[in-house]
Amino acid sequence: MAEETKKKKLPSTFANMVIVLTVISLISALALAFTFKMTEVPRIEGKRQKTITALREVLPEFDNKPDEEMIEVMDDGEKDPAFKIIIYPARKGSELVGVAVKSYSKKAFGEPIWLMVGFDKNKKIVNISVLEQKETPGLGTKMADAQFKDQFKDKEPQTFKFKVKKDQGNVDAISAATISSRAFCDAVDRAYRALDKAPGGGVQ
Amino acid sequence: MSFRKELFRGLIKENPTLVLLLGMCPTLAVSSSAINGVGMGLAATVVLMGSNVVIALLKDIIPDKVRIPAFIVVIACFVTIIDLSMEAFTPELHAALGIFIPLIVVNCIILGRAEAYASKNSVGKSFIDGLVMGLGFTMALVLFGSIREFLGNGSVFGSKFVAEDASTILLFILPPGAFITLGFLIAVVNRLQKKKG
C-alpha cells in the first residue's frame with residue numbers, strides 16, 4: 001500500500017537536483033573512506049596470513065620468517081611489475097630446508113592464477129597451494145583439491161613432465177577443465193625456472 | 001501489516017527471483033553451489049535492507065528527475081561497504097563470490113524495490129520489505145544452488161553424497177544447467193500458482 005507522498009516531494013529544479021546529488025555523493029564518499037580505513041588493517045593482515053598459511057602448507061618444517069627473506073624475480077620477457085615471482089627461503093637453524101616460489105600463469109580460463117610451490121632442498125616438489133584462481137566453480141576450481149594437486153608431490157622435471165597428458169606430459173588433467181590444468185602446469189614450470197634465477201637464496 | 005504476511009509475500013507470493021523474475025544475472029551466475037547461494041543472498045539482503053531504509057528516509061528530498069542516479073549512488077555506497085567488510089572479515093566467502101559482490105549494485109532486485117517500494121513507503125515498511133525480499137532471494141538461491149550442486153557435484157553444502165570419482169551431471173554446474181534449472185523452477189512455481197488461483 002503506497003502512501004501518497006508526491007505533493008511533499010522536493011521540486012525538480014536545477015538547483016535542487018545539483019544540491020541533492022552533490023550532498024548524497026559527499027556523504028557516501030565519507031562513509032566509504034571511513035569504512036576503507038576501518039577495514040584496512042584486517043584486509044592487509046588477511047593477505048599476509050594467506051601467504052604464511054600457504055608457506056606452512058607447502059614447505060618442510062622451518063623456523064625462520066621466509067616472508068622477511070623473500071626475493072623477487074621476474075620471468076624472462078615479463079615486463080609487468082604486477083607479475084613478480086617471489087622466492088621464500090625456508091631454514092631450520094642455519095640450514096636451508098626448502099624454497100617456496102609464488103608463481104603465476106596467465107593461461108588460465110579466467111584471471112591469472114597464482115600458486116605457491118614448495119620445493120625441498122633437492123628441488124623436488126613438497127606441496128602446492130593455490131593462492132588465487134577465478135576458474136569455473138566445480139571445474140577449474142578443482143585444481144585446489146588434493147585429488148588433482150597431490151600428483152605433483154615428490155616430482156621433479158627430469159622424471160615427470162609438467163604438461164597434461166594431452167600435451168604428451170605426465171599430468172592427469174581435471175576432466176572438462178583442460179585449460180585450467182594446463183595453466184596449473186604452466187605455473188609450476190615457471191616456478192622451476194625461477195629457482196635457477198634465485199641468487200644465493202635459491203636451492204643449490 | 002503482519003510480519004507473517006510480509007514474510008509470505010517475500011518468500012513465496014512475490015518471490016523476487018521466481019515470481020517477479022528480478023536478479024536473474026547473479027542467480028544464474030553464482031548459484032553453482034548451495035553455500036555460494038547463501039553468501040550471495042545474505043550479502044544482497046543486507047544491501048537491500050540498508051538501501052531501502054536510506055531511500056525511504058530520503059524520498060521526500062530527492063527530486064523526482066534525479067531519483068535513479070540518487071538511488072544508484074546510495075546502493076553503490078552500501079555495496080562497496082559490504083565488499084570491503086567481507087574482504088576484511090570473511091575472506092573465503094569474499095574470494096568465492098568474487099566479482100559478483102560489486103555486481104550487486106546492478107542487481108535488479110535492489111533498484112527495483114527502491115523504485116517500486118522504498119521511494120513510496122515509510123522507513124519501517126521499507127525495512128521489512130527489504131528483509132523479506134532479501135530472504136526470498138536467498139531462499140531461491142539456496143534452492144537453486146542445492147539442486148545444481150547436487151546434480152552437478154553430488155554434494156549439498158559441501159557434503160558429498162556420492163563416491164569421489166562418481167560421474168555427475170557436470171552440465172548443471174555450467175551456464176546451460178543454470179538456465180535449465182531456472183526454467184524448471186519457474187515452471188513449477190507457475191503451476192503451483194495456477195492451482196491456487
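Quick look at the structure, then. On a predicted model such as this, the values are computed, not experimentally measured, just so you know. Residue positions are given per chain, counted from 1 along the sequence in the order it is written. Starting at A for chains and at 1 for ligands, labels are handed out in the order in which the entities are written. For a predicted model such as this one, the threshold for reporting local features is a pLDDT of at least 70, and the threshold for listing and counting side-chain atom pairs is 80 or more; totals across whole chains, interfaces and linings nevertheless cover every residue. Note that water and hydrogens are dropped before the side-chain values are worked out from all heavy atoms of the structure.

### Looking at the sheet that holds strand 2 (residues 85-92) of chain A
Residues and elements named next belong to chain A. Spatial strand order, 1-2-3-4-5: five strands in an open sheet with antiparallel pairing. In the strand order of this sheet, the two ends are held by strand 1 (71-73) and strand 5 (125-132), each with one partner. Across the sheet, the axes of successive neighbouring strands diverge by a mean angle of 20°, strand direction being ignored. The pairing of strand 3 (residues 95-105) with strand 4 (residues 113-120) spans eight bridges and is classified as antiparallel. Opposite Lys-102, over in strand 4, you have Met-116 as the bridge partner. For this analysis, residues touch if any pair of their heavy atoms sits within 4.5 Å. Only the stretch in contact is used when a helix axis is fitted, and all axes are lines through C-alpha atoms; the angle between N-to-C directions ranges over 0 to 180 degrees. Runs of E in the DSSP output that reach at least two residues are strands. Runs of H or I that reach at least four are helices, and both are numbered from the N terminus. Where helix 1 (residues 14-58) meets the sheet, it contacts strand 2, strand 3, strand 4 and strand 5, and its direction lies at approximately 155° from that of strand 5. Contacts from helix 3 (residues 178-197) reach strand 1, strand 2, strand 3, strand 4 and strand 5, with the element oriented near 135° to strand 3. At least two DSSP bridges between two strands are required for those strands to pair.

### Brief notes about a nonpolar patch on the surface
Residues with no salt bridge and a relative accessible area higher than 30% make up the patches, which join like charges within 9 Å and nonpolar side chains (Val, Leu, Ile, Met, Phe, Trp, Tyr) within 5 Å. Surface accessibility in these figures is a Shrake-Rupley result with a 1.4 Å probe; residues are shielded only by whichever protein chains are displayed. For this analysis, a salt bridge means a side-chain nitrogen from Lys or Arg found within 4 Å of a carboxyl oxygen belonging to Asp or Glu. A cluster of nonpolar side chains, namely Ile-19, Val-23, Leu-26 and Ile-27 of chain A, defines an oily patch on the protein surface of about 380 Å² accessible area. Within the secondary structure layout, Ile-19 of chain A lies in helix 1.

### Focus: the interface of chain A and chain B
Tallying the contact residues gives 32 residues for chain A and 34 residues for chain B. Between the two partners, chain A and chain B, sit one salt bridge. Here Lys-47 of chain A makes a salt bridge to Glu-87 of chain B, at a shortest N to O gap of 3.6 Å. In protein, a polar contact means a hydrogen-donor-capable atom and an acceptor-capable atom, both N or O and within 3.5 Å, with residues adjacent in sequence counting only if both atoms are side-chain atoms; elsewhere, any N or O pair within 3.5 Å suffices. Where chain A packs against chain B, one counts three residue pairs in polar contact (both at pLDDT 80 or more). At 15 residues, the largest contribution of residues to the side of chain A that touches chain B is made by helix 1 of chain A.

### Here's the deal with the packing of helix 1 of chain A against helix 4 (residues 67-89) of chain B
Interhelical geometry of helix 1 of chain A versus helix 4 of chain B gives an angle of 10° and a closest axis separation of 8 Å. Comparing their axes, helix 4 of chain B and helix 1 of chain A come out roughly parallel. Residues Leu-21, Ile-24, Ser-25, Ser-28, Ala-31, Leu-32, Thr-35, Phe-36, Thr-39, Pro-42, Arg-43 and Lys-47 of chain A of helix 1 of chain A lie in contact with helix 4 of chain B, whose contacting residues are Pro-69, Ala-70, Val-73, Val-74, Cys-77, Thr-80, Ile-81, Leu-84, Ser-85, Glu-87, Ala-88 and Phe-89 of chain B. Each angle gets one of four labels, with under 35 degrees taken as roughly parallel, over 145 as roughly antiparallel, 65 to 115 as roughly perpendicular, and the rest as oblique.

### Concerning the side chain of Ser-51 of chain B
All names here are of chain B. If you trace the backbone, Ser-51 turns up in helix 3 (residues 34-58). Polar contacts involving the side chain of Ser-51 include one to the main-chain carbonyl oxygen of Leu-48, which spans 3.4 Å. Filtering out sequence-adjacent residues up to four positions away, Ser-51 remains in contact with Val-74, Ile-75, Phe-78 and Ile-110.

### Let's talk about the side chain of Asp-75 of chain A
Residues and elements named next belong to chain A. The residue Asp-75 is located in the loop between strand 1 and strand 2 in this model. Note on exposure labels: buried denotes an accessible area under 20% of the residue type's maximum, exposed denotes more than 50%, and partly exposed covers the range between, all computed with a 1.4 Å probe on protein chains only. Taking the relative accessible area as the measure of exposure, Asp-75 reaches 8% and is therefore buried. Engagement of the side chain of Asp-75 in a polar contact is seen with the side chain of Arg-193, the distance being 3.0 Å. Beyond its immediate chain neighbours, meaning those up to four positions away, Asp-75 contacts Ile-85, Tyr-104, Arg-190, Arg-193 and Lys-197.

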